[in-house]
Amino acid sequence: MELLQNEGALSISAIAEKLGLTAGTLTPHIRALQECGLISISMVEGKHGTMKICTAAVDSLLISAPELSIAKNMYETEIGIGQYTNYEVRPTCGICTTDHIIGQVDVPAFFSDVERTDAHIIWFSSGYVEYMLPCFLKEGQYPLELQLSMEISSEAPGVQENWPSDIHFKMNGVDLGFWTCPGDFGRIQGIYNPPWWFRNWNQHGLYKLLSINDQGTFMDGARISNATIGDIRIRQGRAISFRIEVPENAGHVGGATLFGKGFGNYPQDIRMRMHYAVKGDPS
């Protein structure tokens, strides 16, 4: 679909060649895309007989999962991208609302601007931002798993699809491990970016799910450390500190970009979900 959007109508043999596949391997996938209305196929006479020409039938594709009912013994909340409580960042860096840049880019002092709580995208080449996550646990409740979902990418001057960055995570001062983001994505325009957003700047990130339970810490189900939810020392009535950091001594110092509502490909900020148990509850 991306190939057809970028290059226009192509024959099946041309698509196969560009993707490094055989025409036989590609054909059932083309058929499936045609059956669900994502591409159209026309027959055209060529030098060597009739060719099947494929054309993208849609301009964009957004898959929305159905709303799930709230599970028992779970609460969910969302923290704005600009609602960090502490930071230390180095250029390239910047912070924006959906309407405008706050202050100037590459000036870390503007991360303290009072308007920052309305920001929905921030980026920095190294350093950290730290958030306070609410703990709504009541007497007799204890945490089983804490999940955080976010859209995130590296940060390169301009954009660089191949720009790895080791993005580290800490909670209540406990090192949760790191995930290596492959790049700073700008080739495809972000679905929710405002019209004024610069086309040669960060366009979207990757949707990532960070989970901490009694087995360890996981990114999209893959273990990144042995730190457990017990190590974090979550306590009733006490906020939970959460830091997103690219240390200057990381293996890949490629920065970080956080996308919130109004930017990127996902209409959310940092979403938190806490699963808990109740003492004495047999379930």
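The structure under discussion appears in the preceding block.
Keep in mind that this is a model prediction, so the values were computed, not measured.

Trainee: Sorry, what's going on with the packing of helix 2 (residues 12-19) against helix 3 (residues 23-35) here?
Mentor: Helix-helix packing is described using two parameters, namely the angle between the two axes and the distance between the axes. For the pair helix 2 and helix 3, the least separation of the axes is 9 Å and the interaxial angle reads 110°. Judged by the angle between their axes, helix 2 and helix 3 are roughly perpendicular. Of the two possible hands of crossing, helix 2 and helix 3 adopt the one that is right-handed. The residues of helix 3 that touch helix 2, namely those facing I12, I15, A16 and L19, are A23, L26 and I30. Looking at the contact of helix 2 with helix 3 residue by residue, the class counts come to seven nonpolar, no polar and no charged.

Trainee: What am I meant to see in the side chain of N172 here?
Mentor: Within the secondary structure, N172 sits in the loop between strand 8 (165-171) and strand 9 (174-181). At 2.9 Å, the side chain of N172 and the backbone oxygen of I232 are in polar contact. In this structure N172 touches I232, R233, A239, I240 and S241, once residues within four positions along its chain are discounted.

Trainee: Explanation requested: the pattern of salt bridges in the structure shown.
Mentor: A side chain of one charge can pair with a side chain of the opposite charge if their charged atoms are brought near each other. Under the defined criterion, the tally for this structure stands at nine salt bridges. Between R273 and E76 there is a salt bridge whose closest N-O contact spans 2.4 Å. Here R273 is found in strand 15 (residues 270-278), whereas its partner E76 is found in strand 4 (residues 74-79), with 197 residues between them in sequence. For R243, the salt bridge identified is with E130, shortest N-O distance 2.9 Å. Of this pair, R243 sits in strand 13 (residues 240-246) while E130 sits in strand 6 (residues 121-133), placing them 113 residues apart in sequence. Members of the salt-bridge network, linked through shared partners, are E78, K261 and R271.

Trainee: Explanation requested: the side chain of E151 in the structure shown.
Mentor: For E151, the location among the structural elements is in strand 7 (residues 141-153). As a buried residue without a salt bridge, E151 has its nearest oppositely charged side chain in R271, at a separation of 11 Å. A polar atom in the side chain of E151 sits 3.2 Å from the backbone nitrogen of Y266. Setting aside residues no more than four positions away along its own chain, E151 makes contact with H204, G205, L206, Y207, T257, L258, F259, F263, G264, N265 and Y266.

Trainee: Hey, could you run me through the packing of aromatic side chains in this one?
Mentor: The relation between two aromatic rings is expressed through the spacing of the ring centres and the mutual angle of the planes. Summed over all chains, the structure comprises 15 aromatic pairs. Ring centres of W123 and W197 lie 6.0 Å apart, and the angle between their planes is 75°; on these two criteria the pair is classed as edge-to-face. Taken together, the residues span a long stretch of sequence, with W123 in strand 6 and W197 in the loop between strand 9 and strand 10 (206-213) at a distance of 74 residues. W197 carries the same exposure label as W123, and that label is buried. Since its relative accessible area comes to 6%, W197 is described here as buried. Put simply, the rings of W123, W196, W197, F198, W201 and F263 touch in pairs and so form one group of aromatic residues. The ring of Y84 carries the charged tip of R116 above its face, separated from the ring centre by 4.9 Å. R243 extends its terminal NZ or CZ atom over the ring of Y128, reaching a point 3.6 Å from the ring centre.

Thresholds, definitions, all that
- Residues numbered from 1 in each chain as written.
- Predicted model: local features only at pLDDT ≥ 70, side-chain atom pairs only at ≥ 80, totals over all residues.
- Heavy atoms only, no water.
- Axes fitted to C-alpha atoms, helices over the stretch in contact; angles between N-to-C directions.
- Helix = DSSP H or I, 4+ residues; strand = E, 2+ residues; numbered from the N terminus.
- Parallel < 35°, antiparallel > 145°, perpendicular 65-115°, else oblique.
- Left-handed = near helix turned anticlockwise from the far one by under 90°.
- Contact = heavy atoms within 4.5 Å.
- Nonpolar A, V, L, I, M, F, W, Y, C, P; charged D, E, K, R; others polar.
- Polar contact = N/O pair within 3.5 Å; in protein donor to acceptor, adjacent residues only side chain to side chain.
- Salt bridge = Lys/Arg side-chain N within 4 Å of Asp/Glu carboxyl O.
- Buried < 20%, exposed > 50% of the residue type's maximum accessible area, 1.4 Å probe, protein only.
- Lys, Arg positive; Asp, Glu negative; His and termini not counted.
- Phe/Tyr/Trp six-rings, centres within 6.5 Å; stacked < 30°, edge-to-face > 60°.
- Lys NZ or Arg CZ within 6 Å of the ring centre and 35° of its normal.

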